[in-house]
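The chain contents come next:
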Amino acid sequence: MSLIKKPVNGMKDILPSEMQIRDYVQSVIRDTYRSYGFTPMETPCMENIANLSNKQGGENEKLIFKVMKRGEKLNLETAQTESDLVDYGMRYDLTVPLARYYANHANDLPSPFKALQMGNVWRADRPQRGRYRQFMQCDIDILGEPSNLAEIELILATTTTLGRLGFKNFEIRINERRILKAMAAYSGFSQEVYDTVFIILDKMDKIGMEGVSEELLQEGFDHASVQKYTDLFRSVREAEDGISYLADVLGDYLEADVVKSMKEIAASVNACKAAEFELVFDPTLVRGMSYYTGTIFEIAMPEFGGSCGGGGRYDKMIGSFTGKDVPACGFSIGFERIILLLTESGFQIPQQPKKAAYLIEKGYPGEKLAEVIAQAQAARQQGQQVLVVRMNKNKKFQKEQLRKEGYEEFVEFFDK
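Residue numbers run consecutively from 1 along every chain, following the written order of its sequence. The predicted origin of the model limits local features to residues at a pLDDT of at least 70 and limits the giving and counting of side-chain atom pairs to 80 or more, whereas totals for whole chains, interfaces and linings rest on all residues. In computing side-chain properties, one takes all heavy atoms of the structure into account and sets aside hydrogens as well as water.

Visitor: Please clarify how the sheet that holds strand E12 (residues 355-360) should be interpreted in this entry.
Guide: The strands making up a sheet are joined through hydrogen bonds of the backbone, oriented either antiparallel or parallel. Between any two strands, pairing holds if DSSP finds at least two bridges. Secondary structure follows DSSP: runs of H or I at least 4 residues long count as helices, runs of E at least 2 residues long count as strands, and numbering of each begins at the N terminus. Reading across from one edge, E13-E12-E14 is the order of the 3 strands in this open sheet, with parallel pairing throughout. The sheet terminates laterally at strand E13 (385-390) and strand E14 (409-413), the two strands that pair on one side only. For this sheet the average axis-to-axis angle between neighbouring strands, irrespective of direction, equals 20°. With 5 bridges joining them, E12 and E14 adopt parallel strand pairing. Considered in E14, the bridge of Ile360 is made with Phe413. Each axis is a line fitted through C-alpha atoms, taken for helices only over the stretch in contact, and angles between the N-to-C directions span 0 to 180 degrees.

Visitor: Explanation requested: the packing of helix H5 (residues 177-187) against helix H6 (residues 194-201) in the structure shown.
Guide: To characterise two packed helices, one gives the angle between the axes of the helices and the distance between these axes. Look at H5 against H6: their axes get within 11 Å of each other, and the N-to-C directions meet at 105°. When the interaxial angle is binned, H5 and H6 end up roughly perpendicular. Of H6, the residues touching H5 (which contributes Arg177, Leu180, Lys181, Ala184 and Ala185) are Tyr194, Phe198 and Leu201. We call Asp, Glu, Lys and Arg charged. Ala, Val, Leu, Ile, Met, Phe, Trp, Tyr, Cys and Pro are nonpolar, and the rest, Gly among them, are polar. Within the contact of H5 with H6, the residues separate by chemical class into 6 nonpolar, no polar and 2 charged. Every angle not falling under 35 degrees, over 145, or within 65 to 115 is termed oblique; those three ranges are roughly parallel, roughly antiparallel and roughly perpendicular. Residue contacts follow a heavy-atom distance rule, with two residues in contact if any of their heavy atoms lie within 4.5 Å.

Visitor: When you look at the sheet that holds strand E10 (residues 306-313) in this model, what are you seeing that I'm missing?
Guide: The strand order across the open sheet built from 8 strands is E1-E5-E6-E11-E10-E9-E7-E8, with neighbouring strands paired in mixed fashion. One side of each edge strand has no neighbouring strand; the edge strands of this open sheet are strand E1 (39-40) and strand E8 (277-281). Where strand E7 (residues 170-176) lies against E8, 5 bridges are found, and the strand directions are parallel. The residue of E8 that forms the bridge with Phe170 is Phe277.

Visitor: Help me understand the pattern of salt bridges, please; the structure alone is not making it clear to me.
Guide: Where charged atoms from two side chains of opposite charge come close, those side chains can pair. Any Lys or Arg side-chain nitrogen found within 4 Å of a carboxyl oxygen on Asp or Glu counts as a salt bridge. By the definition in use, this model includes 24 salt bridges. The salt bridge partner of Glu176 is Arg178, with a shortest N-O separation of 2.7 Å. Under the scheme applied here, a residue whose accessible area is under 20% of the maximum for its type counts as buried, over 50% as exposed, and between as partly exposed, the area being computed with a 1.4 Å probe on protein chains only. Overall, Glu176 belongs to the buried group, its relative accessible area being 3%. A single salt-bridge network, built from bridges that share partners, covers Lys12, Glu18, Arg22 and Glu336.

Visitor: Explain the pairing of E10 here, please?
Guide: Each regular strand carries side chains that alternate between the two faces of the sheet. Burial analysis of E10 places 6 of its 8 residues in the buried class, which makes it a mostly covered element. Taken together, strand E9 (residues 295-301) and the strand that follows it, E10, pair antiparallel across an intervening segment of 4 residues, in which Gly305 is found at a positive phi of about 80°. In this structure, E10 lies alongside strand E11 (residues 328-333), joined through 5 bridges in antiparallel fashion. Bridging across to E11, Gly310 finds its partner in Ser332.

Visitor: Is there a simple way to think about the packing of aromatic side chains in this case?
Guide: Centres within 6.5 Å are what make two rings of Phe, Tyr or Trp a pair, Trp counting through its six-membered ring; a difference in plane orientation under 30 degrees is then read as stacked, over 60 as edge-to-face, and the rest as tilted. Within the structure shown, the criterion is met by 14 aromatic pairs. Pairing Tyr229 with Phe233 gives two aromatic rings, centres 4.9 Å apart and planes at 85°, and the pair type is edge-to-face. Here Tyr229 pairs with Phe233, and both are found in helix H8 (residues 223-238), just 4 residues apart, close to one helical turn. In this structure, Tyr229 and Phe233 share a single accessibility class: buried. Members of the aromatic cluster, connected to one another through ring pairs, are Phe189, Phe221, Tyr229 and Phe233. The aromatic ring of Tyr186 is capped on one face by Lys228, whose charged end is 4.2 Å from the ring centroid. Our definition puts a charge over a ring when NZ of Lys or CZ of Arg is within 6 Å of the ring centre and also within 35 degrees of the ring normal.

Visitor: Where do I start with the environment of Leu254 in this structure?
Guide: Assignment of secondary structure puts Leu254 in the loop between helix H9 (242-250) and helix H10 (256-272). According to the relative accessible area criterion, Leu254 is buried, its value standing at 9%. Along the sequence, Leu254 and Leu165 sit 89 residues apart, while their C-alpha atoms lie 38 Å from each other. Leaving out residues up to four positions away in the same chain, Leu254 has contacts with Arg178, Ile179, Ala182, Ala247 and Val259.

Visitor: Even after reading the chapter, I still don't get the packing of helix H7 (residues 204-218) against H8, so can you show me in this structure?
Guide: Running from N to C, H7 and H8 point in directions that differ by 155°, and their axes come no closer than 7 Å. In terms of axis orientation, H7 runs roughly antiparallel to H8. Packed against H7, whose contacting residues are Met204, Met209, Glu210, Ser213, Leu216 and Leu217, the element H8 presents His223, Val226, Tyr229, Thr230, Phe233, Arg234 and Arg237 at the interface. For the contact of H7 with H8, the per-class residue count stands at 7 nonpolar, 3 polar and 3 charged.

Next comes the structure, spelled out in C-alpha cells:
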C-alpha cells in the first residue's frame, strides 16, 4: 500500500519560495523586537493538559490537540474519564506557556521581563483562508510592568514591524475589558452573564448590530436591557470622542483611571509611531480569550478583511500558577496571514545576496572538481550565494526551476 502524499488537513508543506519569505519576515520581526529590548525565549510545544484547560483560553480550549497517556500510565480497560486517558496537550497559543515559564523562572529573569517568543501552535480548528491547524505565532509580552507603558511599547513595536514589512493604512483597534463590563452593567446585565453577552457581541462584524440584538433576546435577556445596550453602541459610534462620551454616560460604572489610561496610550502612540496606521477606539472589540483583564487590541488590515493579530493585558494569569498576580501584557502578530498577504501581492525580498548556480557536466573530471568548489567558496566569501550541482539532462528545465528560486547567474563547467 502506498503512503499518503498530502499533509494532514489544516497543515501544509512549505515550498522553498515561501520559505524564503518566511525566513525574511521572521528576521525582520526579530530584529525590530530586539531593538525594543525584547529578549528571545522558548517553551515546549506540549503543556500539561491542566494548564491548557484551566478555563482561561476561551473557545480555544475546545480546540486542543490532546495527547494520550503512554505505557503504564494508560489503562484502557479501567479508564472512565478523559483525565484517565490524557495528560498533555499541544499548546494552542504562546501565552499560557509563557505564564508557566515565568512562574517557573521568575527568580532568574529581569523585572520587567520583555519576552519575544516565536513558534508553532496547534488548534483543531476548521481550516480556511489564513487559518490552519498548525501555524506560527510571533508574540511579544511585557511581564511585571503595571503601567500603560507596556501597552504603548507593544503597539509601537508591532506597528513598526508591520511598517518595515511594507504594510500601510492598517488599523490598530483598541478597547478595554473594563469598558465592556461597565457598558454591560449600565445596561442592566448581571456580572454572571457577561461572558455570554460578550460572546454574542464578538459576532458584531459578521451579524451586525441587529443580529447581536436578536441573539441577546434569543438568550432570554430582558428587552429593555438589550435595547439600552445596543443604543449605547450606536451613540458611541456617532460621538466625536467615543471614550469621553462613555466616561460621561457610564459615570460611576466606569473607573476613572480607565479613560485616563486609554487617552495616554493614544496620545503617546500617535506622537511616536513609525508606521502609517490609525489607532481606533472600538467599543465592540472583545477578543475571545477570557484571560484578558484590561486593555485589548487587534490588527485590522483591509487587504485581509479580518484580524491579523491582537493581544491585551492579562494580569491574573501568572497568579493562577504562583498564587501571586503579576501584571502582564502581550501582542501577537498574525504571522501566517501576513505571509499570505505578502505572497499574494508578489512580494520580493529586498537586498537579497546575488544567487548563482554552478552547473557541472556529468562526467566532469574529479581532479578538476576541487577547482570549481574553490571558485564557489571564494564567491561565497564575497557574500554571494552559490549552489553547486550536477547538470541535469534537461538543462533548460533545470534552469527554469532554479530561476523560480531566485538564481540569476548560471556558470557551466564542461569536460573539454
